Amino acid sequence: MAKKGLRAWVKENWVDIANKRSDGSFPKCGRSGGEKRKKYPKCVPIAKARAMSKGQRAGAVKRKQAKSNTGPKPSRARTFASKGGYIRSAMRTDYGGVKLSNPSYEKYYKGMI
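Predicted model only: the values in this text are computed from it and were never measured.

## Considering the overall build of the chain
A count of helical and extended segments in the chain gives four helices and four strands. The secondary structure elements of the chain, listed N-terminal to C-terminal, are α-β-β-α-α-β-β-α. Per-residue burial for the chain yields a buried fraction of 22% across its 113 residues. The long-range fraction of contacts in the chain, counting pairs at least 24 apart against all pairs at least 6 apart in sequence, stands at 38%. Taken as a whole, the chain presents about 9,200 Å² of accessible surface, with 54% of it coming from carbon and sulfur.

Here is the structure:
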């Protein structure tokens, strides 16, 4: 990934994906004057907004709304959900009376039991 400077980052066309217009476009990020919007804004560059699926946009907005902005600074919410990982309840964590704290130890204890 090429490094971009702060100037390039600021000059990107930032749009609000939480408040889609009726024609399908996204409004510019930020509010002018006393403008009211239906939902708290979730801002992303237009290129990222177009690349996201409808479900990804909805999820990003939902995460942003769940943050509940309480201070003077805006809340930071992930645009994309984390990749998950493993589900502990489905893993076997007990090998011959030894509780495994790390699933990578499974290979080690598997040969002993």
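Still to come is the rest of the account.
## Things to note about the side chain of Lys-64
For Lys-64, the location among the structural elements is in helix α3 (residues 54-66). Of the buried charged residues, Lys-64 lacks a salt bridge, with Asp-16 as the closest side chain of opposite charge at 9.0 Å.

## Some points on the packing of aromatic side chains
Summed over the entire model, instances satisfying the criterion amount to one aromatic pair. A ring pair is formed by Trp-9 and Trp-14, whose centres lie 5.1 Å apart and whose planes are at 65°; its orientation type is edge-to-face. Of the residues examined, Trp-14 reaches a relative accessible area of 22% and is grouped as partly exposed.

## Notes on a nonpolar patch on the surface
There is a patch of nonpolar side chains on the surface, built from Leu-6, Trp-9 and Val-10 and spanning about 350 Å² of accessible area. Within the secondary structure, Leu-6 sits in helix α1 (residues 6-11).

## Focus on the environment of Arg-78
Of note, Arg-78 is situated in the loop between α3 and β3 (94-95). On the basis of relative accessible area, Arg-78 is assigned to the exposed category, the value being 54%. Linking Arg-78 and Lys-64, residues 14 residues apart in sequence, is a C-alpha distance of 7.6 Å. Each residue touching Arg-78, except ones within four places of it in the same chain, is listed here: Lys-42, Ala-60 and Arg-63.

## Structural notes on the side chain of Lys-42
When you line up the elements, Lys-42 lands in the loop between β1 (14-16) and β2 (43-45). The contact partners of Lys-42, leaving out residues within four places of it in the chain, are Val-15, Asp-16, Ile-17, Ala-18, Ala-60, Val-61, Lys-64, Ala-77, Arg-78 and Thr-79.

## What about a positive patch on the surface?
On the surface, Lys-48, Lys-67, Arg-76 and Arg-78 cluster together to form a positively charged patch. As for its placement among the helices and strands, Arg-76 is situated in the loop between α3 and β3.

## Here's the deal with the environment of Lys-39
You can see Lys-39 is positioned in the loop between β1 and β2. With 20 residues separating them along the chain, Lys-39 and Asn-19 place their C-alpha atoms 6.4 Å apart. Those residues in contact with Lys-39 that sit more than four places away from it in its chain are Ala-18, Asn-19, Arg-31, Val-61 and Gln-65.

The rules behind these values
- Residues numbered from 1 in each chain as written.
- Predicted model: local features only at pLDDT ≥ 70, side-chain atom pairs only at ≥ 80, totals over all residues.
- Heavy atoms only, no water.
- Helix = DSSP H or I, 4+ residues; strand = E, 2+ residues; numbered from the N terminus.
- Buried < 20%, exposed > 50% of the residue type's maximum accessible area, 1.4 Å probe, protein only.
- Contact = heavy atoms within 4.5 Å.
- Areas by Shrake-Rupley, 256 points an atom, 1.4 Å probe, with all protein chains shown as cover.
- Lys, Arg positive; Asp, Glu negative; His and termini not counted.
- Salt bridge = Lys/Arg side-chain N within 4 Å of Asp/Glu carboxyl O.
- Phe/Tyr/Trp six-rings, centres within 6.5 Å; stacked < 30°, edge-to-face > 60°.
- Patch = residues over 30% accessible without salt bridge, like charges linked within 9 Å, V, L, I, M, F, W, Y side chains within 5 Å.
- Charge placed at Lys NZ, Arg CZ, Asp CG, Glu CD.

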